[in-house]
Amino acid sequence: MPAGRRRGHPPLSCARARRPPPDSGKETSSKDSSSSSSSSSKGGSKPEDGSGSGDAKSEAGSEKAGSGGDGKAEAAPDGATKTGDKATFCKTKDLSIGAEDAAPNASAGRINITMTNGGSATCSATGFAGVDIKDADNTSNPIERGQAQPRVTTLKPGDTAVFNLTYDIDTTGDSLASPTDIKVTPPNETQTVTLPWPENAGAIKGAYTDVQVYPTHTTN
């Protein structure tokens, strides 16, 4: 063994050869960072929780879904939150309901039934009201729906919605129908109000099954 060397220690040249190259750590770190960045970029395009780039599609969908409303959340007067046209349905107790003759001519009968929101909160009157016509013989006759799609009908306090009953007017004087009252149940409600049949309304031609009710809409 040459003088000056100690047993158990490799030559200096061997020790240096076993050390990793100075730049290898940087390359590995760079690759890991690049891989992490790439993975993060790919993951952000399809977030599982619906956030990120999905927000734009989700907002567009909510506006489309809220067509007829403003698509924005707003606080109702009673502190409840509503989004666009999505409001609590109007309660019968908060509505002032009336009926009037609105026949456009002598042969087409039409009864306008109005519902005014007398409550303190915005509400929805969207849909078909339930209607029965009471006859002088004390029978109650349910009225069938006309062929029409409901329109979004949102009522702020003081706003009014209207829906129509339509029928052909009997001009022969031989009408078999003798209506005395109209029973109205607002959309999505169970409480009914009874209104007198408008005094000047034309006689109904045919049977009560020939009368039709149409969906609500706003008057403004």
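Conventions we followed
- Residues numbered from 1 in each chain as written.
- Predicted model: local features only at pLDDT ≥ 70, side-chain atom pairs only at ≥ 80, totals over all residues.
- Heavy atoms only, no water.
- Helix = DSSP H or I, 4+ residues; strand = E, 2+ residues; numbered from the N terminus.
- Buried < 20%, exposed > 50% of the residue type's maximum accessible area, 1.4 Å probe, protein only.
- Polar contact = N/O pair within 3.5 Å; in protein donor to acceptor, adjacent residues only side chain to side chain.
- Contact = heavy atoms within 4.5 Å.
- pLDDT = per-residue confidence, 0-100.
- Salt bridge = Lys/Arg side-chain N within 4 Å of Asp/Glu carboxyl O.
- Pairing = 2+ DSSP bridges.
- Axes fitted to C-alpha atoms, helices over the stretch in contact; angles between N-to-C directions.
- Phe/Tyr/Trp six-rings, centres within 6.5 Å; stacked < 30°, edge-to-face > 60°.

Undergrad: In this structure, what is going on with the side chain of threonine 153? I would like to understand it.
TA: Inspection of the secondary structure assignment puts threonine 153 in the loop between strand 8 (144-145) and strand 9 (154-155). The exposure class of threonine 153 is buried, given its relative accessible area of 0%. At 3.2 Å, the side chain of threonine 153 and the backbone oxygen of threonine 216 are in polar contact. Once you skip the residues sitting within four places of it in the chain, threonine 153 turns out to touch Cys123, Ser124, Ala125, Thr126, Ala161, Thr216, His217 and Thr218.

Undergrad: Help me out: how do you make sense of the confidence of the model for the chain in this one?
TA: When pLDDT is low, close inspection of the predicted coordinates is not appropriate. The predicted model of the chain averages 74 in pLDDT, with 61% of residues at 70 or higher. In this model, residues 1-85 is a region of pLDDT below 50 whose contacts with residues beyond four sequence positions or in other chains number 34 contacts.

Undergrad: Explain the pattern of salt bridges to me, please; I cannot follow it from the model alone.
TA: Pairing between side chains of opposite charge can happen when their charged atoms approach one another. Inspection of the entire model under this criterion finds one salt bridge. The partner of aspartate 94 in a salt bridge is lysine 93, and the shortest N-O contact between them spans 3.5 Å. Under the relative-accessibility criterion, aspartate 94 is labelled partly exposed at 27%.

Undergrad: Mind showing me how you'd approach the sheet that holds strand 12 (residues 193-196) here?
TA: Hydrogen bonds along the backbone pair up the strands of a sheet, which may run parallel or antiparallel. Read across the open sheet, the four strands follow the order 7-6-11-12; overall the sheet is antiparallel. Two strands in the sheet have a free side with no partner beyond their single neighbour: strand 7 (140-142) and strand 12. Shown here is a sheet whose adjacent strand axes are inclined to one another by a mean of 30°, direction ignored. Inspection of the sheet shows strand 6 (residues 130-135) paired to strand 11 (residues 179-185) by six bridges, in the antiparallel sense. Of the residues in strand 11, the one forming a bridge with aspartate 132 is lysine 183.

Undergrad: Even after reading the chapter, I still don't get the environment of proline 196, so can you show me in this structure?
TA: Along the chain, the position of proline 196 falls in strand 12. Looking at proline 196, the relative accessible area reads 56%, which means it is exposed. Each C-alpha atom of the pair proline 196 and proline 179 lies 8.9 Å from the other, and the pair is 17 residues apart in sequence. With sequence-adjacent residues up to four places away left out, proline 196 is seen in contact with Thr180 and Asp181.

Undergrad: Would you mind going over the packing of aromatic side chains with me for this structure?
TA: The relative placement of two aromatic rings is captured by the distance of their centres and the angle of their planes. For the structure shown, the criterion picks out one aromatic pair. On the numbers, 6.1 Å between centres and 45° between planes, the contact of tyrosine 167 with tryptophan 197 is tilted. Pair noted here: tyrosine 167 is in strand 10 (residues 160-168) and tryptophan 197 is in the loop between strand 12 and strand 13 (212-213), with a separation of 30 residues, a long-range link. For tyrosine 167, a relative accessible area of 5% translates into the label buried.

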